[in-house]
Amino acid sequence: MAQSLVKEFTKGLWAEIPLFRLVLGLCPALAVTKTCENGIGMGMATTFVLLFSNILVSMLRNIIPTKVRIACYIVIIATFVTIVEFVMQAYTYELFLKLGIFIPLIVVNCVVLGRAEAFAGKNTVMLSAADGLGMGIGFTLALSSLGAVRELIGAGTLTIWGGTPLFTIGHGYIPFQFMVEGPGAFVGLGMMLCLMNLIGKK
Amino acid sequence: MGDLFVLAISCIFINNIVLAQYLGNCPFLGTSKKMETAVGMAMAVIFVLVMAGMITWIVDLYLLKALDVEFLRTVSFILVIASLVQFVEMFLKKSIPGLYAGLGIFLPLITTNCAVMGVCLINIKEEYTFIQALVSSFAYAVGFGLALILFAGVRERVVLARVPKALQDTSIGLITAGMIALVFTVFRGMV
């Protein structure tokens, strides 16, 4: 039991890391990763939703009729997204403003619905929780690494938390602004995927 | 009338839903490998988005705001969209089988297209009137279709090129999309 728990948890971190291997959840990945901080915030919000929706879906898996399961999953997910929205509005207001419309849009993030449909609807509560947590942390890792790369190249800084840069490249560095602009998001993610392919399959 | 025209132009080009607002990227990459599927998806999105934009606007004003339960917006919008897609599917299957066969598998996929939900939320956030919401929904959908069809055209050519192994498929697709997005930034100074 413990072994399979670890297996389900770790697969989300590398072998099936949502953004790079499965290429799901692209929209938030492209839109909010201007800074590393935004990536971490978005990743944590998604992790929360993933974990709890997986747990609830898995608990209700024998009660929900198969025909209307997608609608039920979406309502469960939307409930947790609403909770996250209010928690962020109360405690991390600046981040809430920066992420804007992308917090309610976690509802239509295919990673969340995909895990509910592919995993939580068929497995026990403990396994689903491990899967949700692993996938969420993997998604956070992917978002924050993309954010870090874009911020470092595009602005010459690295912000982890709280809005003030943790680290700034020396004065001689001229930021390559393309990377923090819209088109840079696509190119940056494309290059990261290429890097993942180079490192090797699984 | 002039204002509405400016709104439409800015929604299609300047704030293009895929390339400038990053919404609806999953279907953008997923259905752009062939021109045929791209056109099908574009049509389905235009159809659903216009209807969803109108219905969610009405729901927001006469249900959520009237009853003071705006915190239910996320839940109610996604339910409206999901049931609308289901309803449109059944309606088309019965009364316009030709169109149904054309749109086919793209209809159910639209439920998880964040462009639809995103535009509905933008309409509310920008406090558009009903007519403005209608125009913006249609224009955003046209912008989505335009970007998708352009991208599919480029991608069909990329298949013929010799791409390094590590860059193949999605990776080169994203970089291509980045180049198209770069072209679209030129529109920024227009309005």
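Computed from a predicted structure; not experimentally measured.

1. Comments concerning the overall build of chain A
Line of reasoning, step 1. Scanning chain A from terminus to terminus reveals 9 helices and 2 strands.
Line of reasoning, step 2. Mapped from its N terminus to its C terminus, chain A presents α and β elements in the order α-α-α-α-α-α-α-α-β-β-α.
Line of reasoning, step 3. Here the C-alpha radius of gyration of chain A, 18 Å, is about what a compact globule of 202 residues would show, namely 17 Å.
Line of reasoning, step 4. C-alpha extents for chain A along the principal axes are approximately 60 × 40 × 30 Å.
Line of reasoning, step 5. Looking at chain A as a whole, 50% of its 202 residues are labelled buried.
Line of reasoning, step 6. Looking at chain A alone, contacts between residues at least 24 apart form 77% of all its contacts between residues at least 6 apart.

2. Some thoughts on the overall build of chain B
Line of reasoning, step 1. Tallying secondary structure elements over chain B gives 9 helices and 0 strands in all.
Line of reasoning, step 2. Written out in order from the N terminus, the α and β elements of chain B read α-α-α-α-α-α-α-α-α.
Line of reasoning, step 3. Compactness check: chain B gives a C-alpha radius of gyration of 17 Å against a globular reference of 16 Å for 191 residues, within 12% of the reference.
Line of reasoning, step 4. On the principal axes, the C-alpha backbone points of chain B span a range of 60 × 45 × 30 Å.
Line of reasoning, step 5. Across the 191 residues that make up chain B, the buried fraction comes to 42%.

3. Some thoughts on the interface of chain B and chain A
Line of reasoning, step 1. The interface of chain B with chain A comprises 32 residues on the first partner and 31 residues on the second.
Line of reasoning, step 2. For the side of chain B that touches chain A, the elements supplying multiple residues, two or more each, are α2 (25–30), α4 (73–95), α7 (114–125) and α9 (170–184) of chain B.
Line of reasoning, step 3. The element contributing the most residues to the side of chain B that touches chain A is α9 of chain B, with 9 residues.
Line of reasoning, step 4. Class assignment of the residues belonging to the side of chain B that touches chain A gives a composition of 23 nonpolar, 8 polar and 1 charged.

4. A short note on the confidence of the model for chain A
Line of reasoning, step 1. Overall, the prediction assigns chain A a mean pLDDT of 87, with 98% of residues at 70 or greater.
Line of reasoning, step 2. Between the elements of chain A, mean pLDDT differs from a low of 77, seen in strand β2 (residues 167–168) of chain A, to a high of 93, seen in helix α4 (residues 36–59) of chain A.

5. What about the packing of helix α7 (residues 110–120) of chain A against helix α8 (residues 125–155) of chain A?
Residue and element names in this part refer to chain A.
Line of reasoning, step 1. Direction vectors running N to C along α7 and α8 enclose 150°, while the axes themselves pass 11 Å from each other. The orientation of α7 relative to α8 falls into the category roughly antiparallel. The two elements α7 and α8 cross, and the hand of that crossing is right-handed. Where α7 approaches α8, its residues V111, R115, F119 and A120 are matched on the opposing element by S128, D131, G132, M135 and F139.
Line of reasoning, step 2. Of the residues contributing to the contact of α7 with α8, the split by class is 5 nonpolar, 2 polar and 2 charged.

6. Looking at unusual backbone geometry
All names here are of chain B.
Line of reasoning, step 1. Phi angles above zero are rare outside glycine, and Y22 is one such case at about 55°.
Line of reasoning, step 2. Looking at the secondary structure, you find Y22 in the loop between α1 (2–14) and α2.
Line of reasoning, step 3. The exposure class of Y22 is buried, given the 26 C-beta atoms found within 10 Å.

7. A short note on the environment of L26 of chain A
Residues and elements named next belong to chain A.
Line of reasoning, step 1. Assignment of secondary structure puts L26 in helix α3 (residues 26–32).
Line of reasoning, step 2. On the basis of neighbour counts, which here come to 28 C-beta atoms within 10 Å, the residue L26 falls in the buried class.
Line of reasoning, step 3. Expressed as a C-alpha distance, the spacing of L26 and L143, which sit 117 residues apart in the sequence, is 9.9 Å.

8. Quick notes on the confidence of the model for chain B
All names here are of chain B.
Line of reasoning, step 1. Mean pLDDT for chain B: 88, with 98% of residues reaching 70 or above.
Line of reasoning, step 2. Looking over chain B, one finds the lowest element-wise mean pLDDT in helix α6 (residues 106–109), namely 74, and the highest in helix α8 (residues 130–158), namely 94.
Line of reasoning, step 3. This prediction of the complex comes with two scores: 0.88 for pTM and 0.85 for ipTM.

9. Some words on the nonpolar core
Line of reasoning, step 1. Counting 113 residues, the largest nonpolar core has V49, I77 and V107 of chain A together with V45, V116, M117 and F144 of chain B as the members making the most contacts within it.
Line of reasoning, step 2. At 11 residues, α4 of chain A tops the list of elements feeding residues into this core.
Line of reasoning, step 3. Excluding anything up to four places from it in sequence, V116 of chain B contacts V48, L49, A52, I81 and I110 of chain B.

10. Describing the environment of Y100 of chain B
Residue and element names in this part refer to chain B.
Line of reasoning, step 1. Turning to its location among the elements, Y100 is positioned in helix α5 (residues 97–103).
Line of reasoning, step 2. With 17 C-beta atoms counted inside 10 Å, the residue Y100 sits in the partly exposed group.
Line of reasoning, step 3. Residues Y100 and E89, spaced 11 residues apart in sequence, show a C-alpha to C-alpha distance of 7.3 Å.
Line of reasoning, step 4. Contacts of Y100, omitting those with residues within four sequence positions, involve L92 and K93.

11. Notes on α7 of chain A
Line of reasoning, step 1. Of the residues making up α7 of chain A, those classed as buried are C110, V111, V112, L113, R115, A116 and A120 of chain A.
Line of reasoning, step 2. Buried residues along α7 of chain A sit in contact with α2 (18–22), α4, α5 (69–91) and α8 of chain A together with α2 of chain B.

12. Concerning the packing of α4 of chain A against α5 of chain A
Residue and element names in this part refer to chain A.
Line of reasoning, step 1. Packing of α4 against α5 brings their axes to within 9 Å, and their N-to-C directions diverge by 145°. Taken as a pair, α4 and α5 cross one another with a handedness that is right-handed. On the side of α4, the interface is formed by A45, F48, V49, F52, S53, L56 and V57, while α5 contributes Y73, I76, I77, F80, V81, V84 and M88.
Line of reasoning, step 2. Among the residues making up the contact of α4 with α5, the classes are represented as 13 nonpolar, 1 polar and no charged.

Quick notes on the rules
Residues numbered from 1 in each chain as written. Chains lettered and ligands numbered in written order. Predicted model: local features only at pLDDT ≥ 70, side-chain atom pairs only at ≥ 80, totals over all residues. Helix = DSSP H or I, 4+ residues; strand = E, 2+ residues; numbered from the N terminus. Rg over C-alpha atoms; globule rule 2.2 N^0.38 Å. Buried ≥ 20, exposed ≤ 12 C-beta atoms within 10 Å, placed from the backbone. Contact = placed C-beta atoms within 7 Å. Nonpolar A, V, L, I, M, F, W, Y, C, P; charged D, E, K, R; others polar. pLDDT = per-residue confidence, 0-100. Axes fitted to C-alpha atoms, helices over the stretch in contact; angles between N-to-C directions. Parallel < 35°, antiparallel > 145°, perpendicular 65-115°, else oblique. Left-handed = near helix turned anticlockwise from the far one by under 90°. Core = buried A, V, L, I, M, F, W, Y, C linked by C-beta atoms within 7 Å.

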